[in-house]
Amino acid sequence: SGKSGKSGSGKSGKSGSGGSGNSSVDLSDDDWLDDGWSDDGQIECNSHIPNQNEVEILINAMDFFASKHHPLVSQWTRAAFHDAGSYNKNIPEGGANGCLMNDKSMTEEEANSFFEAPVSTLWILKDFWHSHPDTCMKVSSADILQFGIFFSVIRQSGKPGLTKSKVERLVKDFEWGRPDETNCNSAWAENLPENPTGHAYGGPIAIRCLEAGKEIKEKLMDRNGFSTEEAVALIGAHTIGMTRHVFGDKHAGIWIGSGDDDATPKGPVFNNDFHAYFVDEVPAKDLHTFAANHEPFSLIYPNWFREDNEAENFLDTDMVLAFPSVDESAHPSYHTFTRKFAKSNSYFMETFFSAMDKMSKLGVRAYLHKPRECKSRCNGGELTLSQRQYLHKALNEALLEAQEAITILQENRYKDIKNLTTLVDTTTWYVPGWTADGWVGDAWEGDTWNGDSF
């Protein structure tokens with residue numbers, strides 16, 4: 001079954017019931033030897049830091065899942081951000097604390113919709129890893145979530161798939177030891193950026209992008225604590241994946257062609273193509289021009305755009321990255337970094353990985369550690385045939401259950417999805433006070449319109 005060889009091992013804490021549940025874990029080296037055994041020679045497996053051989057076992061299991069179901073790499077990427085992005089530095093609250101996996105109320109929040117597949121597969125991997133005959137540790141859900149994005153973007157960068165150098169980086173560079181939060185609060189989901197609705201929903205493109213820019217600043221920058229450069233880099237994760245379920249399966253679409261689930265035999269490609277799209281494919285160089293000429297998009301929806309022929313979908317919070325800010329007091333000009341990233345993939349990758357490392361530590365107060373060297377039971381990380389069979393069956397069952405849950409949720413949100421996928425009549429827009437130079441007069445006052453409405 002892939003969970004054999006554990007009987008009589010004396011291991012504790014292997015049930016996979018939701019992580020350590022200890023927000024003040026002791027990660028000192030005094031209590032546990034490097035091989036996970038206690039000082040008196042008893043196997044307790046309470047180490048929160050895996051050894052290098054144990055990490056390689058997890059890598060091979062994750063690679064098996066990713067090879068069988070390519071969408072998981074983008075879904076694990078999204079899951080990591082939605083766990084860490086719950087952080088508000090001003091209080092502080094939330095962060096990379098495992099709540100997305102451990103507390104069901106978190107995934108019941110609208111901002112955290114459609115996480116059935118990534119969360120269930122990460123639980124399978126976590127339980128399998130803890131139960132493996134060659135592991136002896138107790139790693140948190142918070143660590144599993146953040147390792148998920150680390151694994152995904154490294155695996156998909158360059159030529160997708162694992163190489164010796166990629167595995168070495170995965171094994172040695174990630175820092176472990178995040179404690180799981182025991183008192184999760186679903187209200188922390190409000191710290192996550194959403195594609196704006198409210199008075200901007202379905203309105204003039206200029207207003208939609210302004211509100212989208214404010215959302216990025218207020219959430220990613222003012223609450224999460226990222227710089228403008230870091231925020232623009234992290235949104236570049238949209239290079240892989242797609243708007244999969246939120247608009248209904250009929251309107252699912254990729255952001256970038258190279259980011260399609262099956263762009264290569266090993267899945268999507270992670271690079272700077274997302275940012276390059278705005279430079280290479282969008283003719284308009286400012287928001288005023290784009291508001292009048294929406295090329296290359298032929299379909300305009302209330303808060304997103306679609307290239308009809310290519311089925312490429314872009315959110316308002318994507319498009320605001322393409323143009324100078326029309327109001328620097330509301331949000332900065334993200335396009336400066338968009339153009340820099342589009343010009344240099346190496347610059348984008350360096351910035352992204354730095355921002356991702358910062359993201360993976362939001363709200364974390366514990367000391368983190370690189371994996372320990374393996375000193376016993378260092379049998380390599382290769383999966384046996386029976387383990388592969390177990391994982392394959394578990395993956396298929398999880399994906400089936402996830403799809404059933406997704407279908408039910410989409411049915412319950414039928415009206416919302418219908419509204420989101422109703423085309424906007426752009427000929428009816430009138431924007432008082434809008435010129436090529438931005439806002440003039442008093443047409444825009446705070447959060448309301450003065451004059452004609454849209």
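See above for the structure.
Our subject in this report is the structure included herewith. Model, not experiment: these values are computed from the prediction.

Rules used throughout
Residues numbered from 1 in each chain as written. Predicted model: local features only at pLDDT ≥ 70, side-chain atom pairs only at ≥ 80, totals over all residues. Heavy atoms only, no water. Helix = DSSP H or I, 4+ residues; strand = E, 2+ residues; numbered from the N terminus. Expected span 1.5 Å × (residues − 1). Buried < 20%, exposed > 50% of the residue type's maximum accessible area, 1.4 Å probe, protein only. 1 Å grid on protein atoms, 1.4 Å probe; cavity = no way out; pocket = protein on both sides within 12 Å on 5 of 7 lines; lining within 4 Å. Points joined across faces, edges and corners; volume = space filled by probe spheres on them. Contact = heavy atoms within 4.5 Å. Nonpolar A, V, L, I, M, F, W, Y, C, P; charged D, E, K, R; others polar. Phe/Tyr/Trp six-rings, centres within 6.5 Å; stacked < 30°, edge-to-face > 60°. Disulfide = S-S within 2.5 Å. Pairing = 2+ DSSP bridges. Axes fitted to C-alpha atoms, helices over the stretch in contact; angles between N-to-C directions. Parallel < 35°, antiparallel > 145°, perpendicular 65-115°, else oblique. Salt bridge = Lys/Arg side-chain N within 4 Å of Asp/Glu carboxyl O.

1. Details of helix 8 (residues 205-221)
Over its 17 residues, helix 8 extends 23 Å from the first C-alpha to the last, a length consistent with the 24 Å expected when each residue adds 1.5 Å. Taking burial as the measure, the 17 residues of helix 8 include 15 buried ones, the bulk of the element.

2. Focus on empty space enclosed by the protein
Enumeration according to the criterion identifies 1 cavity of 30 Å³ or more in this entry. By volume, the largest cavity amounts to about 40 Å³.

3. Considering the environment of Leu 423
Within the fold, Leu 423 resides in the loop between helix 16 (414-420) and strand 6 (434-435). Exposure remark for Leu 423: the relative accessible area of 49% places this residue in the partly exposed category. What Leu 423 contacts, discounting residues up to four positions off in sequence, is Leu 299, Ile 300 and Tyr 301.

4. Overview of the side chain of Thr 228
Relative to the elements of secondary structure, Thr 228 occurs in helix 9 (residues 228-235). Ignoring sequence-local partners within four residues, the contact set of Thr 228 consists of Met 221, Pro 332, Tyr 334 and Phe 337.

5. Things to note about the layout of surface pockets
In this model, the largest pocket occupies a volume close to 1,400 Å³. In terms of lining, the largest pocket is formed by 46 residues, of which the most central are Arg 78, His 82, Ala 111, Pro 193 and Leu 315. Of all the elements in the fold, those that place two or more residues in the lining of the largest pocket are helix 2 (71-84), helix 8, helix 9, strand 1 (242-243), helix 14 (345-359) and helix 16. For the lining of the largest pocket, the class distribution of residues is 24 nonpolar, 14 polar and 8 charged.

6. A closer look at the packing of aromatic side chains
Each pair of aromatic rings is reported with the distance of its centres and the angle of its planes. Scanning all chains against the criterion turns up 28 aromatic pairs. Centroid distance Trp 129 to Trp 176: 5.6 Å. Interplanar angle 45°. Geometry classified as tilted. With Trp 129 in helix 5 (residues 116-131) and Trp 176 in the loop between helix 7 (164-173) and helix 8, this pair connects stretches of sequence that are 47 residues apart. The same class applies to Trp 129 and to Trp 176, which are both buried.

7. Observations regarding the state of the cysteines
Enumeration according to the criterion identifies 3 disulfides in this entry. For Cys 45, the disulfide goes to Cys 136, at an S-S distance of 2.0 Å. Every disulfide takes its handedness from the sign of the S-S torsion; for Cys 45 and Cys 136 that torsion is -105°, giving left-handed. Here the residue Cys 45 occupies a position in the segment before helix 1 (52-68), and Cys 136 occupies one in the loop between helix 5 and helix 6 (141-156), the gap between them amounting to 91 residues. Exposure class is identical for Cys 45 and Cys 136. Each is buried. A sulfur-sulfur separation of 1.9 Å characterises the disulfide bridge that pairs Cys 374 with Cys 378. The S-S bond linking Cys 374 to Cys 378 shows a torsion near -105°; that makes this disulfide left-handed. Among the residues examined, Cys 378 registers a relative accessible area of 39% and is labelled partly exposed. The connectivity of the disulfide-linked cysteines in the protein chain, indexed sequentially, is 1-3, 2-4, 5-6.

8. Considering the pairing of strand 5 (residues 312-315)
Neither face of strand 5 is left uncovered, since the one carrying Glu 312 and Phe 314 and the one carrying Asn 313 and Leu 315 both have all their residues buried. Pairing analysis gives 4 bridges linking strand 4 (residues 304-307) to strand 5, with the strands arranged antiparallel. Bridge assignment links Glu 307 to a residue of strand 5, and that residue is Glu 312.

9. Considering the packing of helix 2 against helix 5
Taken N-terminus to C-terminus, the directions of helix 2 and helix 5 make an angle of 95°; their axes are 9 Å apart at the nearest point. By the angle between their axes, helix 2 is roughly perpendicular relative to helix 5. Mapping the contact onto sequence places Leu 72, Gln 75, Trp 76 and Ala 79 in helix 2 and Ala 117, Pro 118, Thr 121, Leu 122 and Leu 125 in helix 5. Among the residues forming the contact of helix 2 with helix 5, the class breakdown is 7 nonpolar, 2 polar and no charged.

10. Digging into the pattern of salt bridges
Using the criterion set out here, one finds 12 salt bridges in the structure. When the shortest N-O distance is used, the salt bridge between Arg 178 and Asp 143 registers 2.7 Å. Remark: Asp 143 occurs in helix 6 and Arg 178 occurs in the loop between helix 7 and helix 8; sequence separation between them is 35 residues. A relative accessible area of 2% places Arg 178 in the buried class. The exposure class assigned to Asp 143 is buried, which follows from its relative accessible area of 0%.

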